Amino acid sequence: MPSGRPTWLKVDLSALRHNYLQARNASAATVETWPVIKADGYGVGAVAVARTLIRAGADGFCVAMVEEAEALRIAGIDAPLVVMSSITAASAERIVAAKAHAFISDIGVAKALAHHGLESHPTPIYLKVNTGMGRLGVEPGEVDDLLKELARYPSLRVMGLVSHLACADQPEHPENGRQIALFQALVGSSTVQQLTAGRHSLANSGGTVKIPTAHHAWTRPGIMLYGASPFFPHSSAHIDGLQEVITWHSHILKQRTVPAGTSLGYGHSQTTACVSRLGVIPVGYADGYRRRLGNGGGAVLIAGQKAPLLGRVCMDMITVDLTHLPHITPDEPVLLLGNAFNIEDWAGTLQTIPYEILCQIGDRVPRVYGDSPSDS
Ligand SMILES: *Cc1c(COP(=O)(O)O)cnc(C)c1O
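Here the residue numbering is sequential within each chain, running from 1 through the sequence in written order. For this predicted model, a pLDDT threshold of at least 70 governs which residues receive local features, and a threshold of 80 or more governs which side-chain atom pairs are given and counted, while totals over whole chains, interfaces and linings are taken from all residues. No hydrogens and no water enter the side-chain calculation; it runs on all heavy atoms of the structure.

> Give me the lowdown on the overall build of the protein, citing residues and values where you can.
Runs of E in the DSSP output that reach at least two residues are strands. Runs of H or I that reach at least four are helices, and both are numbered from the N terminus. Looking only at helices and strands, one finds 12 helices and 18 strands in the protein. Summarising its shape, the C-alpha atoms of the protein cover approximately 80 × 40 × 40 Å along the three principal directions. Out of the 376 residues belonging to the protein, those deemed buried represent 53%. Across the protein, contacts joining residues at least 24 apart in sequence account for 65% of those joining residues at least 6 apart. Surface exposure here means Shrake-Rupley accessible area, sampled with a 1.4 Å probe, where a residue is shielded only by the protein chains that are shown. Surface exposure of the protein reaches about 16200 Å², of which carbon and sulfur atoms provide 54%. Here the positive residues are Lys and Arg and the negative ones are Asp and Glu; neither His nor the chain ends is included. By convention, the charge on Lys lies at NZ, on Arg at CZ, on Asp at CG and on Glu at CD. Computing the positive centroid from 30 side-chain charges and the negative centroid from 32, the protein places the two 3 Å apart. For each residue, the accessible area found with a 1.4 Å probe, counting protein chains only, is set against the maximum for its type, and the residue is called buried under 20%, exposed over 50%, and partly exposed in between. By definition, residues are in contact when any of their heavy atoms lie within 4.5 Å.

And the structure:
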């Protein structure tokens, strides 16, 4: 137990490795795997994830912003890094200094990179094409002209085309076939073949696992590495052969017995129906423990059994009902997330997706890295 507040997120690095190998083994040996570790590795901890997956054979890593690439460099990660979004001309110098690769959706950004880059070490860039996501990327009809323009800058090296699947969470969705066919036609064109290194990429987790025609030269799996199904709510991590990576732990800080008819917490939003035993747990919405789990919306696991929340979630504390759990020790361990109430259960209860749950677990919660769930 930590010497500070007894609330921490446990990260099972062997499960992370297992999930990475699920991604890697889903594609041919010649296809590279570049794990996505943006948003601090989906909240898990980008540096620890990178160190673990470099040892497992990852070819490079994807991040969203130059700040994330810099943080990895400062931590001593020297693997290839590609910055996928949020690049402006103003950040070009930092991209070059971090020796990062870059997705390009804008010729102005490419020119800024070219300006700061070195002919002796050209910056690897990927031309991003909008094939249906409708977010970043140039339009398919612009690709040939842009490649010809980019070829004029010796301090840039155009690695390939990239695009992003909009509906990979539903592999049967017709949009996948449409995007894949469009991307295939683009990468097959003679201009693309002449003016790029052929390092094309299209697949996120869903595409990596279920859509081999989306693999191309390298894949970009994210969510699956962290133990949530890319097909949620249509499938679960368990069914997809993924292992649970994070579990969120705490302890009961105080127990009390109250009479029937006792109203509890802010707003007195709930009142006990019978004599009740309550447990107070040191976690709250400031930690990403979502307020909607209060008033019976969620539960924690104590001694393997569910204890529902009573009253509102506070900034730093929650209260649970222990009345049906007779043998609870004074500082009984509590599982907040994981096991019978995992990320996917949270996402279902909160009507969101596992991505949002992971990203919103607060910085205030220490990440504790272990190799398997049994080595606590
Ligand atoms: C986040 C992201 C990914 C990874 O997506 P997952 O669904 O988490 O596997 C891949 N490519 C791009 C461009 C992304 O932004």
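> Requested: an account of the site of the ligand, with residues and values cited.
The cutoff for a nearby residue is simple: one of its non-hydrogen atoms must lie within 4 Å of the molecule or strand. In the region of the ligand, 13 residues are neighbours, and K38, Y42, S205, I223 and Y355 sit closest. Between N or O atoms, a polar contact is any pair within 3.5 Å; within protein, one atom must be a potential hydrogen donor and the other a potential acceptor, and residues adjacent in sequence are included only when both atoms are from side chains. Contact between the ligand and I223: an oxygen atom at 2.8 Å from a main-chain N or O atom of the residue. Against a free-state accessible area of 390 Å², the protein chains account for coverage of 91% of the ligand. Just so you know the grouping, Ala, Val, Leu, Ile, Met, Phe, Trp, Tyr, Cys and Pro go in nonpolar, Asp, Glu, Lys and Arg go in charged, and all remaining residues, Gly too, go in polar. Partitioning the shell around the ligand into residue classes produces six nonpolar, four polar and three charged.

> Before we move on, could you go through the pairing of strand β6 (residues 123–128) and cite the residues and values that matter?
Counting buried positions along β6 yields six of six residues, so the element is predominantly enclosed. Of the two faces of β6, the one holding T123, I125 and L127 and the one holding P124, Y126 and K128 are both buried throughout. Where strand β5 (residues 101–104) lies against β6, three bridges are found, and the strand directions are parallel. Counted as the bridge partner of I104 is L127 from β6. Should DSSP find at least two bridges between two strands, the strands are regarded as paired.

> Break down the pairing of strand β7 (residues 156–162) for me, citing the residues and quoting the values.
Counting buried residues along β7, six of its seven residues qualify, which places the element largely inside the surrounding structure. With six bridges connecting them, β6 and β7 associate as parallel partners. Bridge pairing links L127 to L161 in β7. Traced from β6 through helix α7 (residues 143–150) to β7, the parallel crossover comes out right-handed. Orient the strands so they point away from the viewer, and a crossover whose first-strand-to-second-strand path over the helix runs clockwise is right-handed.

> Go over helix α8 (residues 174–187), please, and point to the residues and values.
To estimate the expected span of a helix, subtract one from its residue number and multiply by 1.5 Å. Over its 14 residues, α8 extends 20 Å from the first C-alpha to the last, a length consistent with the 20 Å expected when each residue adds 1.5 Å. E175, N176, Q179, I180, F183, L186 and V187 are the residues of α8 that are buried. Down the axis of α8, the buried side of the element spans an arc of 130°, and every buried residue falls inside it. The exposed residues of α8 that point more than 90 degrees off its buried face are P174 and A185. Throughout, the arc means the angular range of directions from the helix axis out to the C-beta atoms.

> Give a description of the pattern of salt bridges that names residues and reports values.
Note on definitions: salt bridges are taken to be side-chain nitrogens of Lys or Arg within 4 Å of carboxyl oxygens of Asp or Glu. By the definition in use, this model includes 10 salt bridges. For E356, the salt bridge is made with R290, and the minimal N-O distance between the two is 3.8 Å. You can see E356 sitting in helix α12 (residues 354–359) and its partner R290 sitting in the loop between β13 (276–281) and β14 (299–302), a full 66 residues away along the chain. One salt bridge in this structure joins R364 and D316, with 2.9 Å as the shortest N-O distance. With R364 in the loop between α12 and β18 (367–370) and D316 in the loop between β15 (305–308) and β16 (318–321), the pair connects residues that are 48 residues apart, well separated along the chain. Residue R364 is classed as partly exposed on the basis of its relative accessible area of 40%. Take D316: its relative accessible area is 32%, and that puts it in the partly exposed class.

> Describe the packing of aromatic side chains, listing the residues and the values that go with them.
Aromatic contacts are taken between Phe, Tyr and Trp rings whose centres are within 6.5 Å, Trp giving its six-membered ring; a plane angle under 30 degrees counts as stacked, one over 60 as edge-to-face, and the others as tilted. Taken as a whole, this structure holds 10 aromatic pairs when the rule is applied. Taken together, the ring pairs in this structure connect W34, F103, Y126 and W218 into an aromatic cluster. The rule is short: NZ of Lys or CZ of Arg within 6 Å of the ring centre and within 35 degrees of the ring normal puts a charge over the ring. The ring of F231 is capped by K210, whose NZ or CZ atom sits 4.1 Å from the centre of that ring.

> Could you give me a rundown of the sheet that holds strand β3 (residues 61–63), with the residues and numbers involved?
Strand order in this open sheet of five strands is β3-β4-β5-β6-β7, and the pairing throughout is parallel. Single-partner strands in this sheet number two, and they are β3 and β7. This sheet shows a mean twist of 30° between the axes of neighbouring strands, independent of strand direction. Between N-to-C directions, angles span 0 to 180 degrees; the directions come from axes that are lines fitted to C-alpha atoms, helices contributing only their stretch in contact.

> Please provide a residue-by-residue account of the packing of helix α1 (residues 13–25) against helix α3 (residues 46–55), values included.
Where α1 contacts α3, the axes come no closer than 10 Å and their chain directions differ by 55°. Between α1 and α3, the crossing angle belongs to the class labelled oblique. Crossing of α1 against α3: the hand is right-handed. Only V49, T52 and L53 of α3 make contact with α1, whose side of the interface consists of L13, L16, R17 and Y20. Angle categories: roughly parallel below 35 degrees, roughly antiparallel above 145, roughly perpendicular from 65 to 115, and oblique for all the rest. If you view the pair so one helix is near and one far, a crossing is left-handed when the near helix is turned anticlockwise from the far one by less than a right angle, and right-handed when it is turned clockwise.

> Describe the nonpolar core, listing the residues and the values that go with them.
Among buried residues, the Ala, Val, Leu, Ile, Met, Phe, Trp, Tyr and Cys ones that are joined through side-chain atoms within 4.5 Å form a nonpolar core. Ranked by internal contacts, the top residues of the largest apolar core, which has 109 residues, are L113, I246, W248, Y289, V300, I302 and I318. If we skip the residues at most four places from it in the chain, I302 touches I252, A307, V320, L322, L325, I328, E332, P333 and V334.

> Break down the side chain of H251 for me, with residues and values.
Here H251 lies in strand β9 (residues 246–251). Reaching out from H251, the side chain makes a polar contact with the backbone oxygen of D331 at a distance of 2.6 Å. In this structure, H251 is in contact with M1, P6, W8, V280, I281, P282, D331, E332, P333 and V334, ignoring residues within four places of it in sequence.

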